[in-house]
Amino acid sequence: MKRKKVIAGNWKMFKTNSEALQLANQIRIKTTDIKATQIIVCPPFTALANVNEVIKESSIALGAQNIYWEKEGAFTGEISPGMIKSAGATYVIIGHSERRQYFGETDETVNKKIKAALENSLKTIVCVGELLEQREANITREVVTKQIKGAFAGLNGADMQHVIIAYEPVWAIGTGKTATPEQAQEVHAEIRRVINELFDKTVADNLTIQYGGSVKPENAEILLKQVDIDGALIGGACLKADSFSAIIHTMENLSNE
Ligand code: PGA
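Residues numbered from 1 in each chain as written. Predicted model: local features only at pLDDT ≥ 70, side-chain atom pairs only at ≥ 80, totals over all residues. Heavy atoms only, no water.

**As for the overall build of the protein chain**
Within the protein chain one finds 11 helices and eight strands. A compact globule built from 257 residues would reach a C-alpha radius of gyration of about 18 Å, and the protein chain, at 17 Å, matches this within 12%. Here the C-alpha coordinates of the protein chain stretch approximately 45 × 45 × 35 Å along the principal axes. Among the 257 residues that make up the protein chain, the fraction classed as buried is 55%. Counted over contacts in the protein chain with a minimum sequence separation of 6, partners at least 24 positions apart contribute 72%. Within the structure as shown, the protein chain displays about 11800 Å² of accessible surface, and the carbon and sulfur contribution to it stands at 51%. Separation between the mean location of the 29 positive side-chain charges and that of the 31 negative ones in the protein chain comes to 3 Å. (Helix = DSSP H or I, 4+ residues; strand = E, 2+ residues; numbered from the N terminus. Rg over C-alpha atoms; globule rule 2.2 N^0.38 Å. Buried < 20%, exposed > 50% of the residue type's maximum accessible area, 1.4 Å probe, protein only. Contact = heavy atoms within 4.5 Å. Areas by Shrake-Rupley, 256 points an atom, 1.4 Å probe, with all protein chains shown as cover. Lys, Arg positive; Asp, Glu negative; His and termini not counted. Charge placed at Lys NZ, Arg CZ, Asp CG, Glu CD.)

Spelled out as structure tokens, the structure:
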């Protein structure tokens, strides 16, 4: 079974428009040889349209980092699925742990956002992952299962074709602490098992599950080699074209093995 391999860069709240243009250009130039790996860049909202101009003729896809679920209305400061689409995005990250931690997102709002994205033909990268105290309390499995059940409530197998799950242990994000390949593989396999239970084996077998949390060129290969790890969601290391491209090439080499 050859699942789609996906390397996505979450730029978070970094890069002005001119910086974004420069980074997108460098990424495009450094990845012209990539065939088997889907690359996604997720700049801040303000840079979406500009970055789209740079990458639209390439195979790099554009994603946003968040959306609101309403089509339009009096929701000051929010951005709709249609708006990111009009800026060129085809993907959106939903339920990143920083949004859950700092902006009050819950499994219910994550579910609404996924539905709104899919209704607008956007593909989603849905983030799940446990806090350090939850891992230490040995409840990682329960936490991730609950997030998945909440996120995908009311969805069917066809919807899941447009979904990528990113497993990001919160204690590994931006901390330099990476999950060991064994820890990551164990949770990825568990996620696939839960998806099999909620949907069916085909959906589970076809689902791309990315790992995220301090992925760098130095640790990418050992993580991406795990059987249930189908790519990575990168924060810090995607802000420089060299390190992002190195991780993409690691994935590409493994895909071609
Ligand atoms: P990091 O971030 O690579 O900087 O740990 C990953 C993420 O938050 O998606």
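What follows picks up the thread again.
**So, the packing of helix α1 (residues 17-30) against helix α2 (residues 48-55)**
Closest axis-to-axis distance for the α1/α2 pair is 9 Å, and the angle between their directions is 25 degrees. Here α1 lies roughly parallel to α2, going by the angle between them. Crossing angle aside, the handedness with which α1 passes α2 is right-handed. Contacts between α1 and α2 involve N17, A20, L21, A24, N25 and R28 on the former and, on the latter, N50, V51, V54 and I55. Among the residues making up the contact of α1 with α2, the classes are represented as six nonpolar, three polar and one charged. (Axes fitted to C-alpha atoms, helices over the stretch in contact; angles between N-to-C directions. Parallel < 35°, antiparallel > 145°, perpendicular 65-115°, else oblique. Left-handed = near helix turned anticlockwise from the far one by under 90°. Nonpolar A, V, L, I, M, F, W, Y, C, P; charged D, E, K, R; others polar.)

**Things to note about the site of the ligand**
With respect to spatial proximity, 13 residues lie near the ligand, and among them K12, H96, E168, G174 and S214 are the closest. A distance of 2.6 Å is found between an oxygen atom of the ligand and a side-chain nitrogen or oxygen belonging to H96. With respect to the ligand, the backbone of G236 contributes an N or O atom lying 2.8 Å from an oxygen atom. Out of a free accessible area of 280 Å², the ligand has 96% covered by protein chains. Across the shell around the ligand, the residue classes tally to four nonpolar, seven polar and two charged. (Near = heavy atom within 4 Å. Polar contact = N/O pair within 3.5 Å; in protein donor to acceptor, adjacent residues only side chain to side chain.)

**Observations regarding the sheet that holds strand β7 (residues 208-212)**
Taken together, eight strands build a closed barrel; the order of strands is β1-β2-β3-β4-β5-β6-β7-β8 and the barrel is parallel. Between one strand axis and the next, the sheet turns by 25 degrees as a mean value, whatever way the strands run. Bridge count for strand β6 (residues 163-167) against β7 is four bridges, and the pairing is parallel. Following the sheet pairing, Y167 is matched in β7 by Y211. (Pairing = 2+ DSSP bridges.)

**Describing the pattern of salt bridges**
All told, the structure shown has 18 salt bridges when counted by the stated rule. A salt bridge links E105 to K113, with the nearest nitrogen and oxygen atoms 2.6 Å apart. Put simply, K225 and E221 hold a salt bridge, and the shortest N to O gap is 3.6 Å. By relative accessible area, E221 is classed as partly exposed at 39%. (Salt bridge = Lys/Arg side-chain N within 4 Å of Asp/Glu carboxyl O.)

**A short note on the packing of aromatic side chains**
This model, assessed by the stated rule, comprises four aromatic pairs. Three or more aromatic residues joined by ring pairs form one cluster here, namely Y68, W69 and F75. (Phe/Tyr/Trp six-rings, centres within 6.5 Å; stacked < 30°, edge-to-face > 60°.)

**A few points about helix α7 (residues 140-151)**
With 12 residues, α7 extends 16 Å from end C-alpha to end C-alpha; this agrees with the ideal 16 Å at 1.5 Å per step. For α7, the full list of buried residues reads T140, V143, V144, T145, Q147, I148 and A151. Its buried side turned inward, α7 meets α4 (97-102), α5 (107-119), β5 (123-128), α6 (132-136), β6 and α8 (181-198). (Expected span 1.5 Å × (residues − 1).)

**Observations regarding the environment of E133**
Counting through the fold element by element, E133 comes out in helix α6. Take E133: its relative accessible area is 54%, and that puts it in the exposed class. Taking the C-alpha atoms as reference points, E133 and W171, separated by 38 residues in sequence, lie 9.0 Å from one another.

Geometric values such as these leave the question of function open.
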